[in-house]
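Breakdown of the fold
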Amino acid sequence: APRRPPFSPLGRALATAAAHAEHRGATRSTMAVFALATVAAVSQRDILSNLTASYDASMRPGQALEGSCAAEAAPDRVNVETDVSVIHTINQVSKSYRLDGYLIASWSDPRLVFDASCQRLHFGAMKDLGIWAPQLNFPHARSLTVGGGSGKMAADGESVYIHPDGKVDWIRAMHVEMYCGGFSFGKLPYDIQYCDFSIASLGSSPQDLELYWLVSNEILQMKVDADPFTSGEWAAHPVSRQSNQSIPILGIPPALRNPLGTTSAVTMCFSLTRSSYTSSTLTILVAVLLVLASWSGFFISPAAAPARIALAFLCFLMVLNNLYAVYRSLPQLQSDDRVWLSDFLIGTMVFNFLALLEYAAVNAGMRLKANLDKQDKPDKPASKFALPSSAQRRLADCARLDEVMRVFFPLAYFLYMGIMYAVLPLYPHNEGCIGI
């Protein structure tokens, strides 16, 4: 008779190994071991069939224990946890981030208690078992893929463990894009962003289901300290976690909500700290170097007009380009939104433009001085529209403006930098998560 196919990954692995062993001419005793293991794997389905013979999957464990779907049935406790593998694609423009990992849910169902001679039952998918399971949702999710499913998610897998005491562990791979409303860019690039992460059961009220974190805050903090989550220029750290929080149900028509309009949820607040050399040090360093490049133009002879104009103009355009790059990396800002980095770059751009205007004044002073020198000659007639000689001589003094700017320009800019860093704490920023 043909052998029944195994139901669990362990059974499939044993069957494959048995086929290889048979192909290599293994001994009968070896084949017998694999056959017994396969029978043990198949027996898991038999145990489950006996447990679910009179099982009503539409009733949660607390209701089944009371023997009815009465509202006074004790709420069921479900422990959840997210084992995050990576946080990536943190998008400032859309105020979102993505994370990959595993969603773990654990609860007790007295209807699934069985003989302790079996260590535990292991199955590949929840949908085929016919037992009750909590419907977990992510209130802030923009896109969500959880579980074995089909397509590319089938490779990620899904596991269900049923223990002899009726405890159920449900582990699913997850890929989720979450919205973060806590982004505040006032202190950019020295900003710290705070985001909320929530898991809820939108179809149940707090009287039906209570959600709690599986891992304590202390253990989670130790784990993150040992191996922090990093994503490019960001480093993520948990700030606080709350269990069994009553939150309003949003995005569901009132007719489909539970009577209380709220549900139980677990929430986590975590911070995103910039750790990129590019965002902070390099952007500001380049701006300072471009101002120093403009300052170096005051040591170039005013007679070299192309060099002086090109140097000042290029420095101005490069800072302007960096300013546009900052605005492109941010969402649409309101008229009263102040960003420290953009204000710093605007002031730097003004200093570079002043270098360009300074050369225009120097060039005008040089031409006036040349005209005065010609007028001082006895054989040179005075111009009909010439300014009084005292006013001309004062304007001609602009030809010596380079000597003043060589000292004043860098001092003024470094004073500007000091003022900008002094007012940095006054820019708007969030001190923590803004809540759901």
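Not measured: the values here are computed from a predicted model. (Residues numbered from 1 in each chain as written. Predicted model: local features only at pLDDT ≥ 70, side-chain atom pairs only at ≥ 80, totals over all residues. Heavy atoms only, no water.)

On to the confidence of the model for the protein chain, then. Per-residue confidence for the protein chain gives a mean pLDDT of 80, with 75% of residues at or over 70. Mean pLDDT across the elements of the protein chain ranges from a minimum in helix H1 (residues 9–23), with 45, to a maximum in helix H9 (residues 401–422), with 95. Low pLDDT (under 50) marks residues 1–15, which in the prediction has 19 contacts with non-local residues, meaning those over four places away or in another chain. Note on residues 23–42: pLDDT is under 50 here. Beyond four places in sequence and across chains, it has 16 contacts. (pLDDT = per-residue confidence, 0-100. Helix = DSSP H or I, 4+ residues; strand = E, 2+ residues; numbered from the N terminus. Contact = heavy atoms within 4.5 Å.)

Once that is clear, we can look at the sheet that holds strand S9 (residues 229–231). Strand order in this open sheet of four strands is S7-S11-S10-S9, and the pairing throughout is antiparallel. Of all strands in the sheet, those bounded by a partner on one side alone are strand S7 (192–200) and S9. For this sheet the average axis-to-axis angle between neighbouring strands, irrespective of direction, equals 35°. Note that S7 and strand S11 (residues 262–274) share nine bridges and pair antiparallel. Following the sheet pairing, Asp196 is matched in S11 by Cys269. (Pairing = 2+ DSSP bridges. Axes fitted to C-alpha atoms, helices over the stretch in contact; angles between N-to-C directions.)

The residue Ser216 is located in the loop between strand S8 (209–213) and helix H4 (217–226) in this model. Here the alpha-carbon distance between Ser216 and Arg241, two residues 25 residues apart in the chain, equals 8.9 Å.

Moving on, we get to the nonpolar core. One broad trend across soluble globular proteins is that nonpolar side chains are buried collectively. Core analysis: the biggest nonpolar cluster contains 81 residues, and Tyr97, Trp107, Met126, Ile162, Phe197 and Phe344 have the highest contact counts within it. When residues in this core are grouped by element, the largest group, eight residues, is from helix H7 (residues 340–375). Leave out the neighbours within four places in its chain, and Ile162 touches Leu48, Leu112, Phe114, Arg120, Leu121, Phe123, Ile131 and Lys167. (Core = buried A, V, L, I, M, F, W, Y, C linked by side-chain atoms within 4.5 Å. Buried < 20%, exposed > 50% of the residue type's maximum accessible area, 1.4 Å probe, protein only.)

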